[in-house]
Amino acid sequence: MKKKFKLDTNLVRGGLTRSNFKETSEAIFLNSGFVYDSAEQAEAIFLGKKKGFQYSRYANPTVEMFEKRLALLDGSEACFATASGMAAVFGSMMCQLKAGDHVVSASALFGSCRYILNDILPKFGIEVSFIDGKNIKEWNKSIQKNTKIFFFESPSNPCLEIIDIKQVCNLAKKNKITTIVDNIFASPVLQQPVKFGADVVIYSGTKHIDGQGRAMGGAVCSTNEFKENILKPFLRHTGPCISPFNAWVLLKSLETIKIRVLSQSDNALQIARFLEKHKKIKQVYYPGLKSFPQYALAKKQQSAGGTMIAFKVKGGKKDAFKIINKLNIFDISNNLGDSKSLVTHPTTTTHKVLGEEARLSLGITPNLIRLSIGLEDINDLKEDLANSLK
Ligand SMILES: *Cc1c(COP(=O)(O)O)cnc(C)c1O
């Protein structure tokens, strides 16, 4: 699709290729292989001299439509879809690392991201330093001769820590380090890290992209150069490919992602304001609140505060559980970005794997509750929270 179209048009039509049947909606190519007219053609395609699909582990027409549409939204040159967000995180690192390399990561991370960096990479002789990602001096100090990657989430899961993407990417560029940004919490609607100099951007299709709790998926957005020469050789031979059916669900979801995320974010701001004033609540973390310590930075990078809120209740785990159990509309689920509002207790679920010490150092205390705000009526949501907090 030509670049000249605006975002809303790209979200509905970007990447669309129609088959001979001229179907209106994008087709699901639920096939593993492709046939060739001749042995010579197969040879030419495998040599890369001719364009053509070979095998759905490498590329697939439905998957490709999803990749093109997401790249248009993210503002990246290229995109490679994966089986999940974690496959995207792991693949984007492993495709460029070898024993003896060094990675610097912000310590405020989702449990599985932390596990990859803290438990898996060191087994392969890769050194990892965890730092306070908010502090540019710490990024600078942590650079070694063998540093290959900077990694961070902004906002982070679950306490919504914001990292100055431009500042960190500038430092990385000066030192020939690749910056990988996990943009899952903000979604590509509210934040496009490539605008601030990010080299690689990670998405979970499972979260805001599907946004309706149906399909797992992920994506790595990058330059063409990175995709073709670094990422693709690793992913096509190791095989964390997305199912064409899931890619189709995510592709269709991109048509509505903007209106969903903006609406959910509007709801979230109102909920955050409501929670902030509530006497049973100790602290609210929401980048769209003026009282949020990194409000100004969030405003610079994100077009809105987002769909996620974290808050601490007065008391401990028992009090948090009581509130969670009393909610009626909010479902208890560790997923996020869904059109249904969800509630999570990070200490005992999404961030259990970190261990107590790491959790407490990140402010993930037993009285912390995470909300993912959906598309329900704002007054119903407020009432549900008010009742459970009584
Ligand atoms: C959920 C999540 C992931 C992983 O995505 P999956 O699709 O569940 O594999 C990675 N990073 C963050 C910040 C997440 O919230």
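The residue numbers shown here count from 1 along each chain, following its written sequence. Since the coordinates come from a predicted model, pLDDT governs what is reported: local features require at least 70, and pairs of side-chain atoms require 80 or more to be given and counted, while whole-chain, interface and lining totals use all residues. Calculation of side-chain values draws on the structure's entire complement of heavy atoms; hydrogens and water are dropped beforehand.

Chemist: Please clarify how the side chain of Ser156 should be interpreted in this entry.
Modeler: Tracing the sequence through the fold places Ser156 in the loop between strand E4 (147-153) and helix H7 (165-174). Note on classification: 1.4 Å probe, protein chains only; a residue is buried when its accessible area is under 20% of the maximum for its type, exposed when over 50%, partly exposed between these limits. You can call Ser156 buried: its relative accessible area is 2%. In what follows, residue pairs with any heavy atoms lying within 4.5 Å of each other are defined as contacts. Ignoring any residue separated from it by four or fewer positions in sequence, one finds Ser156 in contact with Ala108, Glu161 and Phe185. Note on conventions: DSSP H or I runs of at least 4 residues are helices, E runs of at least 2 residues are strands, and numbering of each starts at the N terminus.

Chemist: It is not clear to me how the domain arrangement of the protein chain should be interpreted in this structure. Could you clarify?
Modeler: Many structure descriptions define interface size as the accessible area lost when the parts assemble. Each domain of the protein chain was delimited in the assignment, giving domain 1 (7-253) and domain 2 (257-389). Domain start and stop positions are those given by an automatic or database domain assignment. Between the C-alpha centres of domain 1 and domain 2 there is a distance of 27 Å. Taken together, the 40 residues of domain 1 in the interface contact 38 residues of domain 2. Two parts placed together each lose some accessible area under a 1.4 Å probe, and adding up what both lose gives the buried area. Carbon and sulfur atoms make up 64% of the area that domain 1 and domain 2 hide from each other, which totals about 3100 Å². On the domain 1 side of the interface with domain 2, the three residues burying the most area are Ile162, Leu190 and His208, jointly 22% of the side's total. Salt bridge, as used here: a side-chain nitrogen of Lys or Arg that lies within 4 Å of a carboxyl oxygen of Asp or Glu. Counting across the domain 1 and domain 2 interface gives 1 salt bridge. Across the pair Asp8 and Lys258 runs a salt bridge whose closest N-O atoms are separated by 2.8 Å. As used in this structure description, the phrase polar contact means that two N or O atoms lie within 3.5 Å; if the pair is within protein, one of them must be able to donate a hydrogen and the other to accept it, and residues adjacent in sequence are counted only when both atoms belong to side chains. For the pair domain 1 and domain 2, the number of links is 15 residue pairs in polar contact (both at pLDDT 80 or more). Among the elements of the structure, helix H1 (7-13), helix H5 (111-120), H7, helix H8 (187-190) and helix H9 (205-209) are those that each provide at least two residues to the side of domain 1 that touches domain 2. By residue class, the composition of the side of domain 1 that touches domain 2 is 20 nonpolar, 12 polar and 8 charged. In this classification, Asp, Glu, Lys and Arg are treated as charged, Ala, Val, Leu, Ile, Met, Phe, Trp, Tyr, Cys and Pro as nonpolar, and every other residue, Gly included, as polar.

Chemist: Hey, could you run me through the packing of helix H3 (residues 61-74) against helix H11 (residues 244-254) in this one?
Modeler: The packing of two helices is summarised by the inter-axis angle and the distance between the axes. Every axis in this analysis is a line fitted to C-alpha atoms, fitted for helices over the stretch in contact. Angles between the N-to-C directions lie between 0 and 180 degrees. Viewed as axis vectors pointing N to C, H3 and H11 meet at an angle of 35°, and their least axial separation amounts to 8 Å. For the element pair H3 and H11, the recorded crossing hand is left-handed. Across the interface between the two elements, Thr62, Val63, Met65, Phe66, Arg69, Leu70 and Leu73 from H3 touch Pro244, Ala247, Trp248, Leu250, Leu251 and Leu254 from H11. Each residue belonging to the contact of H3 with H11 can be placed in one class, and the counts come to 11 nonpolar, 1 polar and 1 charged. We call a crossing left-handed when the near helix sits turned anticlockwise from the far one by less than a right angle, and right-handed when that turn is clockwise.

Chemist: Teacher, can you tell me more about the packing of helix H12 (residues 257-276) against helix H16 (residues 378-389) here?
Modeler: Two elements in contact, H12 and H16, have axes separated by 10 Å at closest approach and are oriented at 30°. When the interaxial angle is binned, H12 and H16 end up roughly parallel. Note that H12 runs across H16; the crossing there is right-handed. Across from Asn267, Gln270, Ile271, Phe274 and Leu275 in H12, the residues of H16 making contact are Ile378, Leu381, Lys382, Leu385, Ala386 and Leu389. Each residue belonging to the contact of H12 with H16 can be placed in one class, and the counts come to 8 nonpolar, 2 polar and 1 charged. Angle categories are assigned with fixed cut-offs, so that under 35 degrees is roughly parallel, over 145 is roughly antiparallel, 65 to 115 is roughly perpendicular, and the rest are oblique.

Chemist: Looking at this structure, I do not really get a positive patch on the surface. What am I missing?
Modeler: A grouping of Lys279, Lys280, Lys314, Lys318, Lys322, Lys326 and Lys390 is seen on the molecular surface, where their side chains present a positively charged patch. Among the secondary structure elements, Lys318 is positioned in helix H14 (residues 317-326). Taking relative accessible area as the criterion, Lys318 reaches 74% and is therefore assigned exposed. Each patch is built from residues that are more than 30% exposed by relative accessible area and take part in no salt bridge. Like charges join if they lie within 9 Å; nonpolar side chains (Val, Leu, Ile, Met, Phe, Trp, Tyr) join within 5 Å. Accessible surface is estimated by sampling points in the Shrake-Rupley manner with a 1.4 Å probe; for residues, cover comes only from the protein chains shown. When charges are tallied, Lys and Arg are placed among the positive residues and Asp and Glu among the negative ones, while His and the ends of the chain are skipped. The location of each charge is read from NZ of Lys, CZ of Arg, CG of Asp or CD of Glu.

Chemist: What is the right way to look at helix H10 (residues 224-238) in this model?
Modeler: Because an α-helix packs 3.6 residues into every turn, residues spaced three or four apart end up facing the same way. Helix span, expected: 1.5 Å multiplied by one less than the number of residues in the helix. With 15 residues, H10 extends 20 Å between its outermost C-alpha atoms, agreeing within 8% with the 21 Å of an ideal straight helix rising 1.5 Å per residue. Here H10 has its buried residues at Phe226, Lys227, Leu231, Lys232 and Leu235. As for H10, its buried residues are in contact with H3, strand E1 (78-82), helix H4 (85-94), strand E6 (200-204) and strand E7 (218-222). Looking one or two residues beyond H10, the residue adopting positive phi is Gly239, at roughly 85°.

Chemist: Is there a simple way to think about the nonpolar core in this case?
Modeler: Side-chain atoms within 4.5 Å are what join buried Ala, Val, Leu, Ile, Met, Phe, Trp, Tyr and Cys residues into a set we call a nonpolar core. In this structure, Ile271, Leu275, Val284, Ile309, Ile369 and Leu371 are the most contacted members of the largest nonpolar core, which totals 42 residues. Sorting the residues of this core by element identifies H12, strand E8 (281-285), helix H13 (295-301), strand E9 (308-313), H14, strand E12 (368-372) and H16 as the ones contributing at least two each. By residue number, the principal contributor to this core is E9, which donates 5 residues. Apart from residues lying up to four places away in sequence, Leu371 is in contact with Ile271, Leu275, Thr307, Met308, Ile309, Phe311, Phe330, Leu342, Val343 and Leu385. One finds Leu73, Cys79, Tyr203 and Ile242 within the second-largest nonpolar core, a separate group that totals 39 residues.

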